[in-house]
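# Notes for the structure review
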Amino acid sequence: MTRERHYWLVKSEADGFSWNDLWKSPKRTTFWDGVRNYQARNMLRDDFKKGDLVFFYHSNSDPNEIVGVCEVVREGYADHTAFDPGEQHFDAKSDPDRPTWYMVDLRAKEAFKRPVTLAELRKVPGLEKMELLRKGSRLSVQPVSKKEWEIVYELGMDGERAASPARGR
DNA sequence: GCCAACGTTGGC
DNA sequence: GCCAACGTTGGC
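Here's a quick rundown of the structure. The residue count restarts for each chain, going from 1 along the sequence in the order it is written. Numbering of ligands from 1 and lettering of chains from A proceed in the order in which they are written. Per-residue local features are limited, in this predicted model, to residues with pLDDT of at least 70; the limit for side-chain atom pairs, both in listing and counting, is 80 or more; totals at the level of whole chains, interfaces and linings are taken over all residues. Excluded from the side-chain calculations are hydrogens and water; all other atoms, namely the structure's heavy atoms, are used.

## Here we look at the overall build of chain A
Secondary structure elements follow DSSP: runs of H or I of four or more residues count as helices, runs of E of two or more count as strands, with numbering from the N terminus. The helix and strand inventory of chain A stands at 4 helices and 6 strands. Put simply, chain A runs from its N terminus to its C terminus through helices and strands in the order β-α-β-α-β-β-β-α-β-α. For this measure, only C-alpha atoms enter the radius of gyration; the expected value for a globule follows 2.2 Å times N^0.38, where N is the number of residues. Its C-alpha atoms give chain A a radius of gyration of 16 Å, near enough to 15 Å, the size a compact globule of 169 residues would have. Projected onto its principal axes, the C-alpha positions of chain A cover 50 × 40 × 35 Å. Buried, partly exposed and exposed residues are distinguished by accessible area as a fraction of the type maximum, computed with a 1.4 Å probe on protein chains only: under 20%, between the cut-offs, and over 50%, respectively. A burial count over chain A gives 45% of its 169 residues as buried. By sequence separation, contacts in chain A at least 24 residues apart represent 74% of the contacts at least 6 residues apart. Only the protein chains shown count as cover for residues, with accessible areas throughout obtained via the Shrake-Rupley method and a probe of 1.4 Å. Carbon together with sulfur atoms contributes 47% to the accessible area of chain A, which is approximately 10,000 Å² in total. For the purpose of charge, His is not counted, nor are the chain termini; Lys and Arg are scored as positive and Asp and Glu as negative. Taken as the charge centre is NZ of Lys, CZ of Arg, CG of Asp or CD of Glu, depending on the residue. Considering chain A, the positive charge centre built from 29 side chains and the negative charge centre built from 28 side chains are found 3 Å apart. Working rule for contacts: check all heavy atoms of both residues, and any pair within 4.5 Å makes them a contact.

Listed below in structure tokens is the structure:
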């Protein structure tokens, strides 16, 4: 059974685990641990499939922006950090035999030529329904429609259309 | 730092 | 089952 590729977005704080941290990881790959929200858990456990593509978004950052594209390289499995009392996201209620929390493995695929900020996304026609832009949206794992994906990807990969002056560094 | 929106917990 | 209190997320 083949399935069309699905598209997603995950949030991370730039001064927590940034795109750059992922890029420097072995094989540019990490396990996406620490998700402790049931809606997000369900997507990681049931809906993330190998080959799906994922926007990497910096939240609580300055500026907030989408910075690159990852690929799902391993599908949902138990988030072992929930079992370890030393871990920040330890959860005594998660039983290794019947895990409450799940994670996937993500590999950085492609850095955007230029990050696309939240402020810019809000102005782009066609993204009105994007989950990221919904008022009060807090989901750290969320679906992105194919149309939304194409619009945002285009912006990130089209240096010419930079809405703001070239950024330093 | 502020605060709105949201999810979870627990008393009833 | 309802809902107030609380903790967290995350934009500004």
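## Describing the protein's contact with DNA strand C
Think of it this way: one heavy atom of a residue within 4 Å of a molecule or strand is enough to make that residue near it. Every residue close to DNA strand C is listed here: Lys11, Tyr57, Ser59, Asn60, Asn64, Leu118, Arg122 and Arg138. Counted by atom, the contact set of DNA strand C within 4 Å of the protein is 68% sugar and phosphate. Polar contact is the term for a pair of N or O atoms within 3.5 Å; when the atoms are in protein, one must be able to donate a hydrogen and the other to accept it, and sequence-neighboring residues count only if both atoms are side-chain atoms. At 3.1 Å, a backbone N or O of Asn60 approaches a phosphate oxygen of DNA strand C. In the model, a phosphate oxygen of DNA strand C is placed 3.5 Å from a nitrogen or oxygen of the Arg122 side chain. Under the grouping applied here, Gly and all other residues not named as nonpolar or charged are polar, the nonpolar ones being Ala, Val, Leu, Ile, Met, Phe, Trp, Tyr, Cys and Pro and the charged ones Asp, Glu, Lys and Arg. For the surface near DNA strand C, a count of residues per class yields 2 nonpolar, 3 polar and 3 charged.

## Some points on the nonpolar core
By convention a nonpolar core is built from buried Ala, Val, Leu, Ile, Met, Phe, Trp, Tyr and Cys residues, the set being connected through side-chain atoms within 4.5 Å. In terms of nonpolar packing, the biggest core is built from 21 residues, with Phe55, Ile66 and Met130 touching the most fellow members. Those elements that place two or more of their residues in this core are β1 (7-13), β3 (53-59), β4 (65-78), β5 (102-117), α3 (118-121) and α4 (146-157). With 4 residues, α4 is the largest single contributor of residues to this core.

## So, the environment of Val116
Within the fold, Val116 resides in strand β5. C-alpha separation for the pair Val116 and Ile66, spaced 50 residues apart in sequence, amounts to 5.2 Å. Every residue in contact with Val116, bar those within four places of it in the chain, is listed here: Glu65, Ile66, Leu121, Val152, Leu155 and Gly156.

## Side note on the protein's contact with DNA strand B
Taken together, the neighbourhood of DNA strand B is formed by Asn37, Tyr38, Arg134, Lys135, Gly136 and Arg138. A share of 63% is what sugar and phosphate atoms reach among the atoms of DNA strand B within 4 Å of the protein. Measuring from a phosphate oxygen of DNA strand B, one finds a side-chain N or O atom of Arg134 at 3.3 Å. Within the contact set of DNA strand B, a phosphate oxygen lies 3.5 Å away from a side-chain nitrogen or oxygen of Lys135.

## Remarks on α4
The length a helix should cover is 1.5 Å for every residue beyond the first. Between the first and last C-alpha of α4 there are 16 Å, a value that for 12 residues agrees with the 16 Å anticipated at 1.5 Å per step. Considered for burial, the residues of α4 that qualify are Glu148, Trp149, Val152, Leu155, Gly156 and Met157. Summarising the contacts, the buried residues of α4 are in contact with β1, β3, β4, β5, α3 and β6 (141-144).

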